[in-house]
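# Observations on the model geometry
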Amino acid sequence: MSRKELESVLDYILNRADEAEFEVIQKACQRRAGDRGAVARLGGLGPKGSAQKMAQELQAQMGYSLEGMRSMVKGYVADIIRKNAPEISEEELQEVLDSYVPDPEAQGRDEVGSTVAKSKIPPEALASMVRQFVEYSEGRMAPSRQRELWEQMPRWQDEYWAAFPGEVKALVKGYLEGRLDGETFGTALLSLLGL
């Protein structure tokens, strides 16, 4: 991370983050601090490194290339759009798809125009929020964890959903509706978040 990026992150945390965003940042920092001990026991791979390694292993096992995953996500988003807006022309659909699921090769990796790239929430925090949202939605979240989240943010599920970029919402919805299996969902999410 460059000094300029660090200053930008600190400025956001200290001056611009609202209460809900600040709570997410605090939880991410607490988790990261807790992960440091676990990292040493896991051979030095941090959460990001572990996620990247898992994504690479899943990608190799499933035979998906990044382009294949992008194509799958793009097809899924196109199906959702066609279902909800049947009057959309192919040209309009392509414009929407290009904005939701941009081609990183056509634009620079840093210039990706997706809502994930423009999100104010760091990718690691988004991944954690998605994990909690899915655990709760599937009834797998421990009651103590639910209580903790509700105490911190009474409408946390609504807040999380509102904070998810469009592409993330599409993946979560597809997974929860059974249109994506767990492995595909996990790989697509990590790829989308750049982890």
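Residues numbered from 1 in each chain as written. Predicted model: local features only at pLDDT ≥ 70, side-chain atom pairs only at ≥ 80, totals over all residues. Heavy atoms only, no water.

## Quick notes on the packing of aromatic side chains
- This model, assessed by the stated rule, comprises seven aromatic pairs.
- Ring geometry for Y136 against W156: centres 5.4 Å apart, planes inclined by 75°, an arrangement best described as edge-to-face. Of this pair, Y136 sits in helix α7 (residues 123-137) while W156 sits in helix α9 (residues 156-163); the two residues are 20 residues apart in sequence, bridging distant segments of the chain.
- Note on Y136: relative accessible area 28%, which makes it partly exposed.
- With a centroid separation of 6.0 Å and 70° between ring planes, the pair formed by W161 and F164 is classed as edge-to-face.
- Residue W161 is classed as partly exposed on the basis of its relative accessible area of 29%.
- Look at F164 and you get buried, because its relative accessible area is 3%.
- The rings of Y136, W150, W156 and Y160 are connected pair by pair, giving a single aromatic cluster. (Phe/Tyr/Trp six-rings, centres within 6.5 Å; stacked < 30°, edge-to-face > 60°. Helix = DSSP H or I, 4+ residues; strand = E, 2+ residues; numbered from the N terminus. Buried < 20%, exposed > 50% of the residue type's maximum accessible area, 1.4 Å probe, protein only.)

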